[in-house]
Every structure is written in structure tokens, then in C-alpha cells.
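Structural features, examined
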Amino acid sequence: MNKFHLKLISELVAATEQLDMPIWIGGGWAIDARLGRVTRPHDDIDITFPAERKDEFVGLLESMGGRVTEETDYGFLAQLRGILLDCEPAHWVGNTYEVEDTPQGSCPMAFEGQIEGMLIRCNSWEAILWDYFYFADELPQAQWPAKHIHSYALVCSVLGVEHVQRLRATFDSK
């Protein structure tokens with residue numbers, strides 16, 4: 001499945017670049033891109049897109065054979081070539097895009113990730129971790145699937161215990 005995901009990520013990055021529309025890969029694929037290697041099989045692709053260009057982004061997905069399957073409280077889910085896309089908007093705040101209710105710098109404009117030679121914009125390490133904090137509030141970590149435990153450990157190892165603890169305290173205080 002990963003090879004199909006990588007092909008689709010490549011096509012989405014190329015198509016959105018032609019439209020001068022930044023997108024960011026999130027979740028497990030962002031971890032892999034930031035590490036520069038595939039660490040596990042993936043079930044979906046998390047994508048962050050510019051909120052003000054949602055209709056254009058949805059139109060692009062439809063032109064590629066995709067369709068929105070569900071509106072969520074944070075964005076939408078789509079199917080494209082049998083692959084689930086978990087899509088979340090980023091909002092323009094002054095001079096950059098940010099995912100709502102995440103630490104500043106969630107959507108860096110630089111291509112900070114790479115997989116198999118493909119440069120990818122990724123959500124920040126802090127934004128990736130923030131998603132795990134939300135997940136932990138919904139489901140105790142002892143009940144997480146092995147893939148999430150593995151990915152969470154990778155993020156924590158990159159950020160370090162003290163930084164993770166500071167971010168968790170910030171998350172808990174909001």
C-alpha cells in the first residue's frame with residue numbers, strides 16, 4: 001500500500017504546485033518524510049490545505065477521480081483511488097499558514113521532508129505531536145494501535161522528553 005500512497009503524494013504535490021497552492025503532509029507520512037524513511041505501513045494520508053482554497057482543493061481531488069466522503073469537525077475525509085485522505089484546513093495568519101489550535105509554526109513553507117527523493121512540505125513536529133495529544137484525550141494510550149505507539153515514540157525521541165512535557169502542559173492549559 002505504501003507505494004500507492006507515495007505515488008499519490010507525489011501526484012498531489014505536483015498538481016498543487018502547478019496551482020501555486022501549498023499543501024502539507026501530516027500524521028504518519030509527515031513523520032516518515034521528516035525522518036527521510038518509511039517507518040511503517042500507512043492506512044491513510046493526512047493533508048493540510050489552505051482553508052480559503054478549499055473549493056479549489058476539492059475540485060482538484062475530484063478532477064483526479066476523488067470524492068469527499070465525510071465532512072468532519074476539523075475538515076473532511078476523501079477517497080482517491082481507494083486511498084483515504086484525511087484533510088484539514090490551515091488558516092492564513094499574517095504571513096504564514098497555521099492549523100487552528102496548534103503550536104505556532106504548524107505549516108512551514110519550506111520543504112522540510114523527503115521520501116525516496118521527493119521533497120515534501122510537512123506539518124511541524126509540534127503539530128504532529130499535538131494530534132497525538134488529542135488522540136490520547138479520546139483513547140487511553142494503553143488502547144492505541146501499535147502503529148500509533150510506534151509513531152508517537154518516534155516523535156517524542158526527536159523532540160525530547162522536556163520539550164514533549166512543555167508542549168503537553170501547554171496543550172492541557174488551553
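Let me sum up the structure you'll find in this document. Keep in mind it's a predicted model, so treat the numbers as computed, not measured.

What follows deals with empty space enclosed by the protein. A full pass over the atoms with the stated rule returns one cavity of 30 Å³ or more. In this structure, the largest cavity encloses a volume near 50 Å³. Considering the residues around the largest cavity, the lining is formed by Val13, Thr16, Glu17, Ile23, Trp24, Ile25, Phe111, Leu119, Ile120 and Arg121. Put simply, the parts of the chain that give the lining of the largest cavity at least two residues each are helix H1 (2-18), strand S1 (24-26) and strand S8 (118-120). It is H1 that provides the largest number of residues to the lining of the largest cavity, a total of three residues. Of the residues contributing to the lining of the largest cavity, the split by class is seven nonpolar, one polar and two charged.

Applying the stated criterion to the full structure yields nine salt bridges. One salt bridge connects Asp43 with Lys147, and the closest N-O pair in it is separated by 2.2 Å. With Asp43 in the loop between helix H2 (27-35) and strand S2 (44-50) and Lys147 in helix H5 (residues 146-159), the pair connects residues that are 104 residues apart, well separated along the chain. What makes Lys147 partly exposed here is its relative accessible area of 24%. The residue Arg168 makes a salt bridge to Asp137 at a minimum N-O spacing of 2.9 Å. Here the residue Arg168 occupies a position in helix H6 (residues 161-173), and Asp137 occupies one in helix H4 (residues 125-138), the gap between them amounting to 31 residues. Overlapping salt bridges, with partners in common, bring together Lys7, Glu11 and Arg81 in one network.

Our next topic: H2. Burial analysis of H2 places eight of its nine residues in the buried class, the great majority of the element. Every buried residue of H2 is accounted for by Gly27, Gly28, Trp29, Ala30, Ile31, Asp32, Ala33 and Arg34. Once H2 ends, the next one or two residues include Gly36, with phi positive near 80°.

With that settled, the discussion passes to the environment of Ser106. By secondary structure assignment, the location of Ser106 is in the loop between strand S6 (97-98) and strand S7 (113-115). Here the alpha-carbon distance between Ser106 and Gly26, two residues 80 residues apart in the chain, equals 9.9 Å. Apart from the residues within four sequence positions on either side, Ser106 is in contact with Tyr97, Glu98, Val99, Cys122, Asn123, Ser124 and Ala127. Of note is the side chain of Ser106, whose polar atom sits 3.4 Å from the side chain of Thr102.

Alignment of strand S3 (residues 67-71) against strand S4 (residues 76-80), held across four bridges, turns out to be antiparallel. The partner of Glu71 across the bridge, within S4, is Phe76. In this antiparallel pair of consecutive strands, S3 and S4, the connection spans four residues.

Take the side chain of Arg34 next. Mapping Arg34 onto the fold places it in helix H2. Sequence-distant contacts of Arg34, that is, excluding residues within four places in its chain, are made with Pro108, Glu112, Gly113, Cys122, Asn123, Ser124, Trp125 and Ile128.

Procedures and definitions
- Within every chain, residues take consecutive numbers counted from 1 along the sequence as written.
- Local features in a predicted model are, by the rule used here, given only for residues with pLDDT of at least 70; side-chain atom pairs are given and counted only at 80 or more, and totals for whole chains, interfaces and linings are based on all residues.
- The basis for the side-chain values is all heavy atoms of the structure; hydrogens and waters are excluded.
- Site definitions follow a grid-based scheme: protein atoms alone, a 1 Å grid, a 1.4 Å probe that fits but cannot get out for cavities, and for pockets an open set with protein on both sides within 12 Å along at least five of seven lines, plus lining residues having an atom within 4 Å of a point.
- Grid points are joined across faces, edges and corners, and a volume is the space filled by probe spheres set on the points.
- Think of it this way: any DSSP run of H or I at least four residues long counts as a helix, any run of E at least two long counts as a strand, and we number them from the N terminus.
- Following the grouping adopted for this structure description, the nonpolar residues are Ala, Val, Leu, Ile, Met, Phe, Trp, Tyr, Cys and Pro, the charged ones are Asp, Glu, Lys and Arg, and the polar ones are all others, Gly among them.
- When a carboxyl oxygen of Asp or Glu lies within 4 Å of a side-chain nitrogen of Lys or Arg, that pair is called a salt bridge.
- Each residue is placed in one exposure class: buried if its accessible area under a 1.4 Å probe, protein chains only, is under 20% of its type's maximum, exposed if it is over 50%, and partly exposed if it falls in between.
- Any two residues whose heavy atoms approach within 4.5 Å at even a single point are treated as in contact.
- Polar contacts, as used here, are pairs of N or O atoms within 3.5 Å; protein pairs need one atom able to donate a hydrogen and one able to accept it. Residues neighboring in sequence count only if both atoms are side-chain atoms.
- In short, DSSP must find at least two bridges between two strands for them to pair.

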